[in-house]
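An overview of the molecular structure
So you can see what is in the structure, the chains are spelled out below.
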Amino acid sequence: MSAVDQNKALSTLLKRLADAHPRPEVVEPVVSLIDPAEPLVEEFVRSFMMWECTSAKAAAAMKRISQGVVDFNELRVCLPDELAAILGERFPRVQERCQRLRAALNAIYLREHAVTLQRLAEAPKREAADYLATLDGVPGYVASRVTLVSLGGHTAPVDERLLGRLIASRVVEEGATVRSAATLLERRIRAGELAEAHRVLQLWSDHDDPVDVAGAASRTRASSKRSNGKVKGPVQKARPPRAAGRAGERGEK
């Protein structure tokens with residue numbers, strides 16, 4: 001697949017998703033549930049809940065956490081099993097998520113002597129992004145989302161859920177990693193437009209959106225027909241999520 005074809009596929013996808021999910025005229029402010037004095041840590045925890053999950057489940061998880069702990073320091077000292085009990089055993093990747101979050105919050109505490117990220121608000125964006133990406137246990141999606149949403153950096157949050165859809169839609173090639181897909185999005189989406197792109201891509205990842213599923217299937221069939229005049233087999237589906245912690249992907253430990 002050529003770079004021109006990938007660019008066209010990405011542009012078509014973002015246009016289709018923007019048409020299907022127009023930006024609301026009034027954006028509701030994000031309400032702090034745990035500690036309004038630490039908005040960056042709150043967004044950090046929220047991003048952890050959204051990683052390899054849906055926005056709706058993440059929002060419900062944040063409410064349960066706010067009811068189960070007093071502050072972020074209490075969340076830091078929760079054992080993984082205790083936090084898993086708060087989230088519920090059916091929460092996606094619950095044990096891994098809880099272990100990663102505990103490791104990350106303790107890494108913040110070791111650096112700052114408190115559970116705070118406030119100094120990142122004044123730090124250069126690249127320095128802040130590197131700080132988040134090098135915390136123990138932090139997936140690349142989490143570091144990128146906090147950098148993008150809270151710090152205004154040019155970073156693309158990609159997890160395995162989104163990666164599978166990008167592959168099925170021929171935006172990235174089969175065999176791409178979350179890191180390589182994120183790099184492609186960062187290079188091909190202009191500065192200032194990545195936050196809106198993340199919004200619609202997240203909505204697409206959240207739901208079985210028929211808007212692009214049909215488009216992806218149509219493109220796959222057309223590609224097969226061009227190759228030998230007939231379809232060779234069933235339309236390729238998005239591959240299932242891989243295990244986290246693969247070497248070489250930023251923040252995946």
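1. Concerning the overall build of the protein chain
Within the protein chain one finds 12 helices and zero strands. Secondary structure elements of the protein chain, listed N to C terminal, follow the sequence α-α-α-α-α-α-α-α-α-α-α-α. Among the 253 residues that make up the protein chain, the fraction classed as buried is 47%. Look at the contacts in the protein chain between residues 6 or more apart in sequence, and 69% of them connect residues 24 or more apart. Per element, the accessible surface of the protein chain, about 12,700 Å² overall, is 54% carbon and sulfur.

2. Notes on the packing of helix H2 (residues 39-50) against helix H8 (residues 140-151)
In the contact formed by H2 and H8, the axes pass within 9 Å of each other and the chain directions differ by 135°. The orientation of H2 relative to H8 falls into the category oblique. Two packed elements cross with a definite hand, and for H2 against H8 that hand is right-handed. Contact residues: H2 offers Leu40, Glu43, Phe44, Ser47, Phe48 and Met50, while H8 offers Tyr141, Val142, Arg145, Val146, Val149, Ser150 and Leu151. Here the residues of the contact of H2 with H8 are counted per class, giving nine nonpolar, two polar and two charged.

3. Points about the nonpolar core
Within the largest apolar cluster, 43 residues are counted, with the highest numbers of intra-cluster contacts made by Phe44, Met49 and Leu132. Looking at this core, the elements with two or more residues in it are H2, helix H3 (55-68), helix H4 (72-77), helix H5 (80-87), helix H6 (94-112), helix H7 (125-133) and H8. Not counting residues within four places of it along the chain, the set of residues in contact with phenylalanine 44 comprises Leu101, Ala104, Leu105, Ile108, Leu117, Leu132, Leu135, Val138, Val142 and Val146. Leu13, Ala156, Ala181 and Leu201 belong to the second-largest nonpolar core, a separate cluster that totals 26 residues.

4. Brief notes about the packing of aromatic side chains
Taken as a whole and assessed by the stated rule, the structure comprises one aromatic pair. With a centroid separation of 5.4 Å and an interplanar angle of 75°, the aromatic rings of phenylalanine 44 and phenylalanine 48 are classed as edge-to-face. With phenylalanine 44 and phenylalanine 48 both in helix H2 and four residues apart, this pair spans about one turn of that helix. Over the ring of tyrosine 109 we find arginine 76; its NZ or CZ atom is 3.8 Å from the centre of that ring. The side chain of arginine 111 reaches across the aromatic face of tyrosine 131, ending 4.6 Å from its centre.

5. Section: the pattern of salt bridges
This structure, assessed with the given rule, holds 13 salt bridges. Close ionic contact of glutamate 43 with arginine 46 constitutes a salt bridge, the shortest N to O distance being 3.1 Å. Here glutamate 43 pairs with arginine 46, and both are found in helix H2, just three residues apart, close to one helical turn. A single burial state applies to glutamate 43 and to arginine 46, both of which are buried. One salt bridge in this structure joins arginine 126 and aspartate 130, with 3.8 Å as the shortest N-O distance. Remark: aspartate 130 and arginine 126 occur in helix H7; sequence separation between them is four residues, near one turn of the helix. Assessed through its relative accessible area of 48%, arginine 126 is described here as partly exposed.

6. Examining H8
Given a rise of 1.5 Å per residue, 12 residues ought to cover 16 Å, and the 15 Å separating the end C-alpha atoms of H8 matches this to within 8%. Judged by how many residues are buried, H8 sits mostly within the fold: 10 of 12 residues are covered. What H8 keeps buried is the set Gly140, Tyr141, Val142, Ala143, Ser144, Arg145, Val146, Thr147, Leu148 and Leu151. As for H8, its buried residues are in contact with H2, H7 and helix H11 (194-206). One or two residues past the end of H8 sits glycine 152, with phi positive at roughly 75°.

So, how was this worked out
Residues numbered from 1 in each chain as written. Predicted model: local features only at pLDDT ≥ 70, side-chain atom pairs only at ≥ 80, totals over all residues. Heavy atoms only, no water. Helix = DSSP H or I, 4+ residues; strand = E, 2+ residues; numbered from the N terminus. Buried < 20%, exposed > 50% of the residue type's maximum accessible area, 1.4 Å probe, protein only. Contact = heavy atoms within 4.5 Å. Areas by Shrake-Rupley, 256 points an atom, 1.4 Å probe, with all protein chains shown as cover. Axes fitted to C-alpha atoms, helices over the stretch in contact; angles between N-to-C directions. Parallel < 35°, antiparallel > 145°, perpendicular 65-115°, else oblique. Left-handed = near helix turned anticlockwise from the far one by under 90°. Nonpolar A, V, L, I, M, F, W, Y, C, P; charged D, E, K, R; others polar. Core = buried A, V, L, I, M, F, W, Y, C linked by side-chain atoms within 4.5 Å. Phe/Tyr/Trp six-rings, centres within 6.5 Å; stacked < 30°, edge-to-face > 60°. Lys NZ or Arg CZ within 6 Å of the ring centre and 35° of its normal. Salt bridge = Lys/Arg side-chain N within 4 Å of Asp/Glu carboxyl O. Expected span 1.5 Å × (residues − 1).

So, to be careful, I would describe these as geometric facts and stop short of saying anything about function.
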